[in-house]
Amino acid sequence: MAVSAQLLVEELHIFGLECEEAVTEKLVELCILYGQNEEGMASELIAFCTSTRKDCLTLETLNSFEHEFLSKRLSRTWHGASKDRGHRHAGPRDIVSIQELIEVEEEEETLLNSYTTPSKGSQKRTITTPETPLTKRSVSARSPHQLLSPSSFSPSATPPQKYSSRSNRGEVVTSFGSAQGVSWSGSGGTSHLSLKVLGHPEPLTRSYKYMFQKLPDIREVLTCKIEELGSELKEHYKIEAFAPILVPAQEPVTLLGQIGCDSNGKLNHKSVILEGDLEHSSGTQIPVDLSELKEYSLFPGQVVVMEGINTTGRKLVATRLYEHLLINTLTILSGLDSEQFMVLVACGPYTTSDSITFDPLLDLITIINRDRPDVCILFGPFLDAKHEQVESCLLTSSFEDVFKQCLRTIIEGTRSSGSHLIFVPSLRDVHHEPVYPQPPFSCSDLLREDKKRVRLVSEPCTLSINGVIFGLTSTDLLFHMGAEEISSSSGTSDRFSRILKHILTQRSYYPLYPPQEDVAIDYENFYLYAQLPVTPDVFIAPSELRYFVKDILGCVCVNPGRLTKGQVGGTFGRLYLRRQTAGGGGRQSPCAAAQVVRI
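Residues numbered from 1 in each chain as written. Predicted model: local features only at pLDDT ≥ 70, side-chain atom pairs only at ≥ 80, totals over all residues. Heavy atoms only, no water.

(A) Just the overall build of the protein chain, in detail. Along its length, the protein chain carries 16 helices and 22 strands. The buried share among the 599 residues of the protein chain stands at 50%. Put simply, the protein chain shows about 29100 Å² of open surface, and 50% of that area lies on carbon and sulfur atoms. (Helix = DSSP H or I, 4+ residues; strand = E, 2+ residues; numbered from the N terminus. Buried < 20%, exposed > 50% of the residue type's maximum accessible area, 1.4 Å probe, protein only. Areas by Shrake-Rupley, 256 points an atom, 1.4 Å probe, with all protein chains shown as cover.)

(B) Looking closely at the sheet that holds strand E5 (residues 284–289). Spatial ordering of the closed barrel is given by E3-E4-E5-E8-E7, a layout of five strands whose pairing is mixed. Sheet twist, expressed as the mean angle between neighbouring strand axes with direction ignored, is 55 degrees. Summarising the sheet, strand E7 (residues 303–310) and strand E8 (residues 316–321) pair through four bridges and their orientation is antiparallel. The residue of E8 that forms the bridge with Glu-307 is Arg-320. Contacts between helix H9 (residues 215–236) and the sheet are confined to strand E3 (249–260) and E7, with E3 contributing the most and set at about 130 degrees to the helix. (Pairing = 2+ DSSP bridges. Axes fitted to C-alpha atoms, helices over the stretch in contact; angles between N-to-C directions. Contact = heavy atoms within 4.5 Å.)

(C) Looking closely at the sheet that holds strand E9 (residues 341–347). Strand order across the open sheet formed by seven strands is E1-E22-E21-E9-E10-E11-E12, with mixed pairing between neighbours. Looking at the sheet topology across the chains shown, the edges are occupied by strand E1 (172–177) and strand E12 (454–456). Neighbouring strand axes in the sheet, compared pairwise and without regard to direction, differ in orientation by 15 degrees on average. Most of the contacts of helix H10 (residues 359–371) go to E9, to which it runs at about 180 degrees, and overall it touches E9, strand E10 (375–379) and strand E21 (571–577). Strands in contact with helix H12 (residues 399–413) are E10, strand E11 (420–424) and E12; relative to E11, the strand with the most contacts, it is inclined by about 160 degrees.

(D) Expanded view of the packing of aromatic side chains. The full count for this structure, using the stated rule, is 15 aromatic pairs. Measuring from centroid to centroid gives 5.0 Å for Trp-184 and Tyr-576, while their planes differ by 20 degrees, and the two rings are stacked. Highlighted residues: Trp-184 in the loop between E1 and strand E2 (195–198) and Tyr-576 in strand E21, separated in sequence by 392 residues. For the pair Trp-184 and Tyr-576, one class covers both residues: buried. (Phe/Tyr/Trp six-rings, centres within 6.5 Å; stacked < 30°, edge-to-face > 60°.)

(E) The side chain of Ser-508, seen in detail. Secondary-structure assignment places Ser-508 in the loop between helix H15 (495–506) and helix H16 (523–529). Within the structure, Ser-508 has its side chain in polar contact with the backbone nitrogen of Tyr-510 (distance 3.1 Å). (Polar contact = N/O pair within 3.5 Å; in protein donor to acceptor, adjacent residues only side chain to side chain.)

(F) Looking closely at the environment of Val-197. Relative to the helices and strands, Val-197 is located in strand E2. Linking Val-197 and Ile-469, residues 272 residues apart in sequence, is a C-alpha distance of 9.5 Å.

(G) The nonpolar core, seen in detail. With 35 residues, the main nonpolar core has Tyr-350, Leu-364, Phe-382, Ile-410, Phe-423 and Phe-572 as its most contacted residues. Contributions of two or more residues to this core are made by E9, H10, E10, H12 and E11. In this view, Ile-410 contacts Leu-361, Ile-365, Leu-378, Phe-382, Leu-421 and Phe-423; residues no more than four positions away in its chain are not counted. In terms of nonpolar packing, the next biggest core, distinct from the first, is built from 31 residues, Phe-341, Cys-347, Cys-461 and Leu-463 among them. (Core = buried A, V, L, I, M, F, W, Y, C linked by side-chain atoms within 4.5 Å.)

(H) Spotlight on the pairing of E3. Counting buried positions along E3 gives nine out of twelve residues, so the element sits mostly inside the fold. Pairing analysis gives seven bridges linking E3 to E7, with the strands arranged antiparallel. Its bridge partner being in E7, Gln-258 is matched across the sheet by Val-303.

(I) Focus on the confidence of the model for the protein chain. Across the protein chain, the average pLDDT comes to 83, with 83% of residues at or above 70. Scored below 50 in pLDDT, residues 75–96 shows 33 contacts in the model against residues more than four places distant or in partner chains. Here residues 118–140 is a poorly scored stretch, pLDDT under 50, and it has 35 contacts once near neighbours within four places are set aside; other chains count. (pLDDT = per-residue confidence, 0-100.)

(J) Broad picture of unusual backbone geometry. Here Tyr-436 and Pro-437 are connected by a cis peptide whose omega angle stands at 0 degrees. Mapped onto the elements of the fold, Pro-437 is located in the loop between E11 and helix H13 (448–451). Going from Tyr-513 to Pro-514, the amide bond is cis rather than trans, its omega being 0 degrees. Of note, Arg-507 is a non-glycine position whose phi angle comes to about 60 degrees, a positive value. Structurally, Arg-507 can be placed in the loop between H15 and H16.

Structure (structure tokens):
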């Protein structure tokens, strides 16, 4: 609408009010913003000045007038009767807030339409604004900054200072394979990708009831695990039989059991316990003397086959520790398209500890749109239970709503890249079920075009991408097992390598028992969904510990680090992979190159 500055001045002169040019320009702006004509704006301004006893017009007076009167009037008008809808104006709202209000109205009208007869079809009214087109397709073209509005769920959404001022963005901190000269750009999902979630026998796809397990159920799971690994070792090493744990023997004996802790729940070199016969409530235990072993690496819950001398039946002097075996790799997936593809992996938190603005996540989305990886594997936490504003209950929206806004930002913000998205939950996702194994996120309102490229998987998860087997877990088992492991080695020994070898040969995503106190395990479902059904080609295990890329027994193991570390930026990983044709030379890594990069 056209507003005359001269008419405004004349109206104010009638009441004896003079105003400077800057004040007049501000008044014209307010008239346009709030849909007022010159006479109406002058009348309301005079009333405001009279009630507040302001004798002169200044910019400060106009600011008070806007915030104390006009904005409140806007709020009342927006929720007023439907007959006034044609005269509503957005007021001083940003484009995100306007879009949210539009979506609320669309949802209300969709609900009303659901009560009409099918023959009438949808009567949804077309709503347009100069900034935002209407259709969902055109809405999806909004930038991630418009999609994610931290001010809508946090009263203190200030930008992260240290993160914003970082100078090492894009720095490659570690490399693997022939990474030199690699362009690090994918095809954005344009090439054919075969994506399949593997299970034993089926993958976890839905929520389940938990907190009902009994101690006999846990013993049964642990016993089954011991027997399964023991039978394979017995056959491989041609062991005739395993000796009873507490029966004395003058000759060397071979025992099968599980490493246990002492009465204080600790494991050290002088208090190693071998547990067996877990089918009975009391079980059987025997202390183990490790002094005769030159090399060993043990942790609580580890299934072991030990050879030693047990002359009294009260202590085993161990003389040999049998090496465990890898599971055979899948052969049914060979012959698939072996075209090279790029995978990006990142792990939350996606906010710094001093801010809830998700700036690191928005930067990651920019990288995805630039590099167009074929697959993006994103691990939780997306809304971290350990974040200060979450712990202090400062968010004004529910945890579920904040997560959905975050998820929508990632999906819609990367739509132009065409990349396939895989979301892995975390026990630190504050809105999600805090049980291990963890069911996938639920997202019922995915658009049809997004369902083809978005995959919600469980924690942990085994996944096949073009025949390359991925093992995925967001639980920090490197940190948990590293705190409990004891070892002795004659040469240089890498703790990360030892732990990763244990995970692969114990054939479990979480072989530690008892688990770390933050990990609530449901052992019935643990046995079904947290075992390694096959030795992966690539194992992704994000951790608080230092990032790395290692080849362990032919499996490329990656700790991409976390996207943020406290108040500063963290790292993410990227890999180039290609399924090699099976040959006679044993396991062949499909990883051509890998890097860990600073955000």
